[in-house]
Amino acid sequence: MLALGQDEIAKYPFLADAGQYLKDKGFTLEQFGSDPDLKQLVDKAFERIRVAANGKIYKSDLIGDQVSKEAALPREVFSFLLAIVLLKLSGMHTLIKRFALAEARRAEKYLEKDLANISDESKKELAIRIIDDLFSIQVEKLDDYFVIAVSDYLKHSINFHEREWKLINRHVENGQVFLTPHETVRLIRKELGTYINSKIINAKTPTMIPGFEDSVNKLVLLSKKFITFTVTTGEYPPCIKHAIEELEKGENLPHSGRFMLGAFLLSKGQSVEQIAPLFKNAPDYNERVTLYQLNHLAGTSGSGTQYICPSCEKLKTQDLCFAIPECDNIINPLQFGKKRK
Amino acid sequence: MQEADIKFLEDSFKKYYFEHFDLIRVPERTFEREFGYQKFNSGMTRHISIKDDKELHLLFMQNIPSDVYCSNAYYSFPNLPMNEKDWKEADLIFDIDAKDLNLSCRENHTVSICNECKQVSKISEHCLKCNSTKIEKKSLPCKNCIDSSKTEVSKLSEILIDDLAIDQENIHVYFSGNEGFHVYVHGSQFQQIGSRERSELADYIMFNGIIPETFGMKKFKPNRSSFPDFNEKGWRGRFSKQVFSSKSKRSKIISELLVNGYSSFQKTLDNVSENIGVKIDPNVTMDIHRIFRLPGSINSKSGLTKILCKNLTKFDPYSEASFLSDESVEVFANCPIEFSLKNKKFGPFINEKVTVPTFAAVYMVCKKLATIA
């Protein structure tokens, strides 16, 4: 574990050991429920979650990377730790996820500032160490850039769907990718969110603390807002339509295209017997092989793995994507035509 | 394929295997590899593990396979079903195949064989005799096909070395035994990356998914100074050399690009991509569980051997990868395209009975352009 100073704990509260922190400060959770002064912090914690749930970043009392008032610092940390207690008591996973992501984005701001800090070498070092400790990425400073190994870059960048994150759109030299401080921390946002999320999930759920009930009930109500219903139009996406047309014309659809089509239709609930006739016009059609391969895809033979339809990104690489505006930035053909209500 | 043809191919392959065990070696870290093989007119047998050269040679002698494969991946338990193998890592692999290069020479040496009536005709989407669309295309790659594939291999090597910091000694180029090359990269930083990461790497090498901004072109208020310099490294440098062609023309061409605007620049990129992107088969690179033809084994699509190319520039597959015997064989050939093997010319043969050396007979039988008389 990293040794953190007071400022750092306020900036990166998820690195602190919650129980130990409270003990060190001489508090118990029960006090926060009963003491009128401390109870304000429970409200502050609720507010921290509410803001996060709405997709915003909690505006902290930190100014720049300094604490505004000496007293504000423990309050920063307390509100974070109490927010976790409230989330655990409410048991609402959608809120936990949203909170973790918002907290990750909050920490991201500080990490970026610390990385770019030219006047204080130790701040930069700490940010580099946090990235290494948490995500095993070795970041090196090179002139105005931060460089990381291409393989490390790829492990994280594949989670992005914007084209600017594709390796081809990056400055690559000598096995390394060159990034700005902003890009360096942006690269690990999801993992930072996952890290905070798992810390919360793995934290013990305390029994209900008197004085916390109101906030917990409010959280349960709040989470209802985020339940979504989806409706589908039932229309096939252009990649699937294209594949079916190719087969109807008797064109030779590549293996990857057949894989996509089979996996897609199976996911949509069609049976192997319903799908197989689609392939009968293929130049190399063989009923036995087709059934074998479809059963393999469905997981009814072979290893039992049920294969899923490849992502849009993968289909682009394979020249199987024929995106139209209605695709609307989906990341997998299976999402085509789904509308949230 | 008919019984007599299979017997002929099996006999010829067996003789080669027996006489050339020196060329067939187990790869390093043998215990961690998955092996597989196919027999003529039969399915794939895979998930096999092999101990050493002796066991491998036994597999060849007992089964007389048409094709033998070995994984580029390393597993704890290579002989278990896929999801129990415990994948550890995999060498990077690139497949460059002449058929993917959009070469204009292709139609001169490709024929369509009808799966229904067996008619061999000039390249066509349907059978000229019975109109069936069940067509199998067979190509007899020419020198241009091989040379163009070599150019792609050189482009690939340059990116691997310059951009991705891979040591030249860790790049091994093999002739695939048919129409192209397999490039293996050992011991790089990429050994442990998964399929999605490899797919991104493939896009990088192929110059896929590029956006104009990467080369300095912006939608609003583009700026001259963000265009790449002539001597820059990586894709920006390769782009400069292709588009500006010389340092002195850079400024003038940037002005033109700025006048033509953003969407025209996207088209420029698409055109450039055709020239500077490396034409690899991305499906091969991103598959981390695939088994590849074993070096030293014969490719049953041609009867030629998959071998290491020590000197790629000089390498001639039609003299260096043909190891079968010179013994004469009588075949009934319908091979409308002339071809050369071991510095001898053969064909074209139009529905005729001919006597040719075994290596040429095997080549035609593998291509389904001849049968044993």
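Fair warning: this is a prediction, and the values are worked out from it, not measured in the lab.

Caption draft 1: Focus on the overall build of chain A. Counting secondary structure elements, chain A contains 16 helices and eight strands. For chain A, whose C-alpha radius of gyration is 25 Å, the value lies well above the compact-globule estimate of 20 Å for 341 residues. If you line up chain A on its principal axes, its C-alpha atoms span 75 × 50 × 35 Å. Taken across its 341 residues, chain A has 39% of its residues classed as buried.

Caption draft 2: Structural view of the nonpolar core. Core analysis: the largest hydrophobic core is formed by 148 residues, its most contacted members being Ile49, Leu86 and Leu87 of chain A together with Met364 of chain B. Among all residues touching Ile49 of chain A, those that are not within four sequence positions of it are Ala83, Leu86, Leu87, Leu95, Phe99 and Leu219 of chain A. In this structure, Cys239, Leu261, Phe264 and Ala298 of chain A belong to the second largest nonpolar core, which totals 24 residues.

Caption draft 3: A look at the UniProt feature "binding site: [4Fe-4S] cluster" (unreviewed entry) in chain A. Residue and element names in this part refer to chain A. In the numbering adopted here, UniProt assigns the feature "binding site: [4Fe-4S] cluster" (unreviewed entry) to Cys239, Cys312, Cys321 and Cys327. Sequence-wise these annotated residues cover 89 residues; spatially they are packed, their C-alpha atoms never more than 10.5 Å apart. Inspection of the secondary structure assignment puts Cys312 in helix H16 (residues 312-317). In this structure Cys312 comes out as buried when scored by C-beta crowding, with 21 C-beta atoms within 10 Å. For Cys312, the residues in contact, after removing those within four places along its chain, are Cys321, Ile330, Ile331, Asn332 and Pro333. Relative to the helices and strands, Cys321 is located in the loop between H16 and strand S8 (338-340).

Caption draft 4: Molecular detail of the domain arrangement of chain B. All names here are of chain B. Examined at the domain level, chain B breaks down into domain 1 (1-19 + 323-373), domain 2 (93-188 + 196-207 + 307-319) and domain 3 (208-276). If you average the C-alpha positions of domain 1 and of domain 2, the two centres end up 23 Å apart. Listed as interface residues are 11 residues of domain 1 and, on the opposing side, eight residues of domain 2. In the side of domain 1 that touches domain 2, the residues fall into five nonpolar, three polar and three charged.

Caption draft 5: How the structure looks around unusual backbone geometry. Residue Gly347 of chain B is joined to Pro348 of chain B through a cis peptide bond whose omega torsion reads -5°. For Pro348 of chain B, the position within the fold is in the loop between strand S18 (344-346) and strand S19 (349-357). A positive phi angle, near 50°, is found at Asp328 of chain A, a position not held by glycine. Positive phi, normally seen in glycine, also occurs at Lys221 of chain B, with a value near 45°. Checked against the element boundaries, Lys221 of chain B lands in the loop between helix H4 (195-206) and helix H5 (234-244). Judged by C-beta crowding, with 5 C-beta atoms within 10 Å, Lys221 of chain B ranks as exposed.

Caption draft 6: Structural view of the UniProt feature "active site" (unreviewed entry) in chain B. All names here are of chain B. Residues given the UniProt feature "active site" (unreviewed entry) here are Asp95, Asp97 and Asp281. Sequence-wise these annotated residues cover 187 residues; spatially they are packed, their C-alpha atoms never more than 7.7 Å apart. Mapped onto the secondary structure, Asp95 falls in strand S6 (residues 92-97). Its location among the elements puts Asp97 in strand S6.

Caption draft 7: Here's a closer look at the sheet that holds strand S20 (residues 370-372) of chain B. Residue and element names in this part refer to chain B. The strand order across the open sheet formed by three strands is S19-S16-S20, and the pairing between neighbours is antiparallel. The two strands at the open ends of the sheet, each matched to only one other strand, are S19 and S20. Taken over all neighbouring pairs, the strand axes of this sheet differ in orientation by 30° on average, direction set aside. Bridge count for strand S16 (residues 328-335) against S20 is three bridges, and the pairing is antiparallel. Among the inter-strand pairings, Phe332 is bridged to a residue of S20, identified as Thr371. The sheet strands contacting helix H10 (residues 358-366) are S16, S19 and S20, and the helix crosses S16 at an angle near 35°.

Caption draft 8: The interface of chain B and chain A, seen in detail. The interface of chain B with chain A comprises 33 residues on the first partner and 27 residues on the second. When residues of the side of chain B that touches chain A are traced back to their parent elements, those giving at least two are strand S9 (135-139), H4, H5 and helix H8 (282-286) of chain B. It is H4 of chain B that contributes the most residues to the side of chain B that touches chain A, eight residues altogether. When grouped by side-chain class, the residues that make up the side of chain B that touches chain A number 15 nonpolar, nine polar and nine charged.

Caption draft 9: The environment of Asp86 of chain B, seen in detail. Residues and elements named next belong to chain B. With respect to the element layout, Asp86 can be found in the loop between strand S4 (73-75) and strand S5 (87-90). Overall, the presence of 12 C-beta atoms within 10 Å leaves Asp86 in the exposed class. Residues Asp86 and Tyr74 lie 12 residues apart in sequence; the distance between their C-alpha atoms is 8.7 Å. Here Asp86 is in contact with Tyr75, Ser76 and Phe77, once residues within four sequence places are set aside.

Caption draft 10: Quick look at the sheet that holds strand S1 (residues 35-38) of chain B. Residues and elements named next belong to chain B. Within the open sheet, the four strands sit side by side as S2-S1-S3-S12. Their pairing is antiparallel. Single-partner strands in this sheet number two, and they are strand S2 (44-48) and strand S12 (291-293). For this sheet, the mean inter-axis angle between neighbouring strands, taken without regard to orientation, is 25°.

Caption draft 11: Representation of H10 of chain B within the structure. All names here are of chain B. Of all nine residues in H10, eight are buried; the element is thus mostly enclosed. For H10, the complete set of buried residues consists of Phe359, Ala360, Ala361, Val362, Tyr363, Met364, Val365 and Cys366. Lining the buried residues of H10 we find helix H1 (3-19), S16, strand S17 (339-341), S18, S19 and S20. Of the residues trailing H10, Lys368 is marked for its positive phi of about 60°.

Caption draft 12: How the structure looks around the environment of Pro78 of chain B. Residues and elements named next belong to chain B. As for its position among the elements, Pro78 is in the loop between S4 and S5. The sequence separation of Pro78 and Thr30 amounts to 48 residues, and the corresponding C-alpha distance is 9.9 Å. If sequence neighbours within four positions are ignored, Pro78 has contacts with Glu32, Arg33, Glu34, Ser49, Ser71 and Lys85.

Caption draft 13: Layout of helix H7 (residues 121-135) of chain A. Residue and element names in this part refer to chain A. Here H7 is 15 residues long and its end C-alpha atoms lie 21 Å apart, about the 21 Å a rise of 1.5 Å per residue gives. Listing the buried residues of H7 in full gives Lys123, Lys124, Leu126, Ala127, Ile128, Ile130 and Ile131. The inward-facing, buried residues of H7 abut helix H1 (6-11) and helix H6 (93-116). Immediately beyond the C-terminal end of H7, within one or two residues, lies Ser136, with a positive phi of roughly 50°.

Caption draft 14: Spotlight on the pairing of S2 of chain B. Residues and elements named next belong to chain B. One ladder, built from three bridges, connects S1 with S2; its direction is antiparallel. Across the sheet, the residue bridging to Gln38 is Met44, located in S2. Linking S1 to S2, which pair antiparallel, is a turn of five residues; within it Asn41 sits at a positive phi near 55°.

Criteria and thresholds
- Residues numbered from 1 in each chain as written.
- Chains lettered and ligands numbered in written order.
- Predicted model: local features only at pLDDT ≥ 70, side-chain atom pairs only at ≥ 80, totals over all residues.
- Helix = DSSP H or I, 4+ residues; strand = E, 2+ residues; numbered from the N terminus.
- Rg over C-alpha atoms; globule rule 2.2 N^0.38 Å.
- Buried ≥ 20, exposed ≤ 12 C-beta atoms within 10 Å, placed from the backbone.
- Core = buried A, V, L, I, M, F, W, Y, C linked by C-beta atoms within 7 Å.
- Contact = placed C-beta atoms within 7 Å.
- UniProt positions renumbered as here; feature names shortened; annotations may be inferred.
- Domains from an automatic or database assignment.
- Nonpolar A, V, L, I, M, F, W, Y, C, P; charged D, E, K, R; others polar.
- Pairing = 2+ DSSP bridges.
- Axes fitted to C-alpha atoms, helices over the stretch in contact; angles between N-to-C directions.
- Expected span 1.5 Å × (residues − 1).

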